[in-house]
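# Reading the structure
Chain by chain, the residues:
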Amino acid sequence: MDKIPPYNANQANENDNNKNREYPTIDQRIKDTFIKNSTAQKTKVYDMYSRFYRWAFDRLDENGIIAFITNRSFIDSRTFDGFRKTVQDEFDYAYIIDTHSDVRANPKIAGTTHNVFGIQAGVAIMFLVKKYSKEKKKPCAIYYVDMQWFAENPLKEITFVHIQPDKNNNWINIADNDFETLIPLIDKEGKKTLFKASSNGISTNRDEWAYDFSEKNLKNKINFFVNKYNTEVVKGNEIHNLEIKWSRDLKNKLQRKILIVETDILFKKINYRPFTKKYISLNSTLIDVISINNKFFSEDNLAICFNDNGSDLRFLATNTFSDLHYTGDTKCIPMYTFDQAYGKNENITEWGLNQFTKHYGKKGITKEAIFYYVYAILHNPVYRKKYELNLKREFPRIPFYENFQQWAAWGKVLMDLHINYETVEPFPLKRAETIYEESTDPLVWERIAKAKLKANKVDDSIEID
């Protein structure tokens, strides 16, 4: 039987050789419940506190109470929708005290003044109650309170609000709009969606080795890396050299005695961060996860990338491979896919095309035009504002707007601007410099020395130091 997992985070580097113990029984239970009940494409619910919860859930019999102080992400995170569904299925009552206290969302509350734990993550307290009854189980009654200052509100005096989850198991910030009637871009099941294939960006797990702004520097680094790694493969299964960056995936390749052939490495400039390209050493052994990106960019192609972690809305087009963190937790949707058996394939589904032709008619409605239309819609401020809550929790869905051809044209121009930003004609700006006289007042120089980037919406000026 698994024991309670310790409160230590995952190691940042496999070279540390300090991994958490594995908990196969608890992790299988998480897979059978939290993940099975989730609609998220990428579900990260093997956190230590998730394991604590699953362990505790399974220790309750017919009657009992669970109370934990944990990270608050289970309340509204998209990846925890399956966790919320499991709570609703397995318990009769849930009482949640949401203190927020998320420093990344509100930097003003950093430190221990507002958060007794002195951590960045928001904190929540949850009480879960299971009561035995011979009658059929009623829906879980969920009570919620949003309260930052817990010290000023004794528990017995807290007034909870009874909340009703929506059909997607959202507990708070429930959107009231027509999002569910729109066309799904992609989904976990892949049924009746606008696009067939999608992939996460490339995950190297050794960016400092696999990337560089200079192709020459990168080749020198990779030459060193390959020599060290291949030497380890020849020696055997034990790692003797810690000069290179190891990962679990690379260690597995070492065990399988997979050598790196330098002539098989493709050096290519790709999108590393927004409007920032770097050279990468593409190789299935050097890179931990390439996924199906090779099917996207073996020939010229376009792709729409968006941030999949729900924290904020970011959409950027690319014409080459993208890193996993290009737009956040990057999800890429190409215009075409390529494979040896069938060659070039359109990625927009026939079902998706039919939805557009039914609405607009067949004239001028092509899969390529739909691709550009989608890009324009995703950047429409009205769309992003109306569906803001939905887009933080679900994959985008696409509405039908009047004048399809105009939106498609806007999308094509915008995509060209975002992809070819390095060669676009500079926007005309008038530069005005302020010359500061020497001053003996230290406060003046302190003010001048502080970095500044300020946009003035009144006169459309930008002030920088």
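Our structure's up above, just so we're on the same page.
Attention here is on the structure that accompanies the text. (Residues numbered from 1 in each chain as written. Predicted model: local features only at pLDDT ≥ 70, side-chain atom pairs only at ≥ 80, totals over all residues. Heavy atoms only, no water.)

### Notes on the overall build of the protein chain
What the protein chain contains, in helices and strands, is 13 helices and 18 strands. Partitioning the intrachain contacts of the protein chain with sequence separation of at least 6 by distance along the chain shows that 67% fall at a separation of at least 24. Taken as a whole, the protein chain presents about 27,000 Å² of accessible surface, with 51% of it coming from carbon and sulfur. (Helix = DSSP H or I, 4+ residues; strand = E, 2+ residues; numbered from the N terminus. Contact = heavy atoms within 4.5 Å. Areas by Shrake-Rupley, 256 points an atom, 1.4 Å probe, with all protein chains shown as cover.)

### Quick word on the sheet that holds strand β8 (residues 211-212)
Across a sheet, paired strands are connected by hydrogen bonds in the backbone, their directions being either parallel or antiparallel. Read across the sheet, 3 strands follow the order β8-β10-β9 without closing on themselves; strand pairing throughout is antiparallel. Looking along the sheet, the strands with just one partner apiece sit at the ends: β8 and β9 (266-273). In the sheet, β8 pairs with strand β10 (residues 276-282) via 2 bridges, with the strands oriented antiparallel. Paired with D212 across the bridge in β10 is Y279. (Pairing = 2+ DSSP bridges.)

### Considerations on a nonpolar patch on the surface
Together, L453, I462 and I464 make up a nonpolar patch on the protein surface, roughly 380 Å² of accessible area in all. Here I464 lies in strand β18 (residues 461-464). (Patch = residues over 30% accessible without salt bridge, like charges linked within 9 Å, V, L, I, M, F, W, Y side chains within 5 Å. Salt bridge = Lys/Arg side-chain N within 4 Å of Asp/Glu carboxyl O.)

### Here's the deal with the sheet that holds strand β11 (residues 303-307)
Across the sheet, which stays open at both edges, the 4 strands sit in the order β7-β13-β11-β12 with antiparallel pairing between neighbours. Both edges of this open sheet fall to β7 (199-200) and β12 (315-318), since each of them pairs with a single strand only. In this structure, β7 lies alongside strand β13 (residues 330-334), joined through 2 bridges in antiparallel fashion. Its bridge partner being in β13, N200 is matched across the sheet by K331. Lying on the sheet, helix α9 (residues 367-378) is in contact with β11, β12 and β13; it crosses β11 at an angle near 25°. (Axes fitted to C-alpha atoms, helices over the stretch in contact; angles between N-to-C directions.)

### Describing the packing of α9 against helix α12 (residues 404-419)
The N-to-C vectors of α9 and α12 enclose an angle of 75°; their axes lie 7 Å apart at closest approach. In terms of orientation, α9 lies roughly perpendicular with respect to α12. Here A369, I370, F371, Y372, Y373, Y375, A376 and I377 of α9 come into contact with α12, specifically with F404, W407, A408, W410, G411, K412, L414, M415 and H418. Partitioned by chemical class, the residues of the contact of α9 with α12 number 14 nonpolar, 2 polar and 1 charged. (Parallel < 35°, antiparallel > 145°, perpendicular 65-115°, else oblique. Nonpolar A, V, L, I, M, F, W, Y, C, P; charged D, E, K, R; others polar.)

### Concerning the pairing of β18
Here strand β17 (residues 453-456) pairs with β18 via 4 bridges, running antiparallel. Bridging from a neighbouring strand, A455 pairs with I462 of β18. Adjacent in sequence and paired antiparallel, β17 and β18 are bridged by 4 residues, among which D460 carries a positive phi angle near 60°.

### A look at the packing of aromatic side chains
Within the structure shown, the criterion is met by 38 aromatic pairs. The interplanar angle of 10° and the centroid separation of 5.1 Å between the aromatic rings of Y95 and Y143 together place this pair among those described as stacked. In this pair, Y95 sits in strand β2 (residues 93-98) while Y143 sits in strand β4 (residues 141-146), placing the two residues 48 residues apart along the sequence. The partly exposed category is assigned to Y95, whose relative accessible area is 27%. By the ring-pair criterion, three or more aromatic residues cluster together here, those being F34, Y49, F52, Y53, F57, F68, F74, F80, F83 and F91. One Lys or Arg, K278, reaches over the ring of F213 and ends 4.8 Å from the middle of that ring. Residue placement shows K344 over the ring face of Y336; its charged tip is 4.2 Å from the ring centre. (Phe/Tyr/Trp six-rings, centres within 6.5 Å; stacked < 30°, edge-to-face > 60°. Buried < 20%, exposed > 50% of the residue type's maximum accessible area, 1.4 Å probe, protein only. Lys NZ or Arg CZ within 6 Å of the ring centre and 35° of its normal.)

### Things to note about the nonpolar core
Among the nonpolar cores identified, the biggest contains 45 residues, and L194, F356, I370, F371, Y373 and M415 are the most heavily contacted of them. Examining the composition of this core, we find that 10 residues originate from one element, α9, more than from any other. Grouped together as the second largest cluster of nonpolar side chains are 30 residues, Y23, M48, Y49 and I75 included. (Core = buried A, V, L, I, M, F, W, Y, C linked by side-chain atoms within 4.5 Å.)

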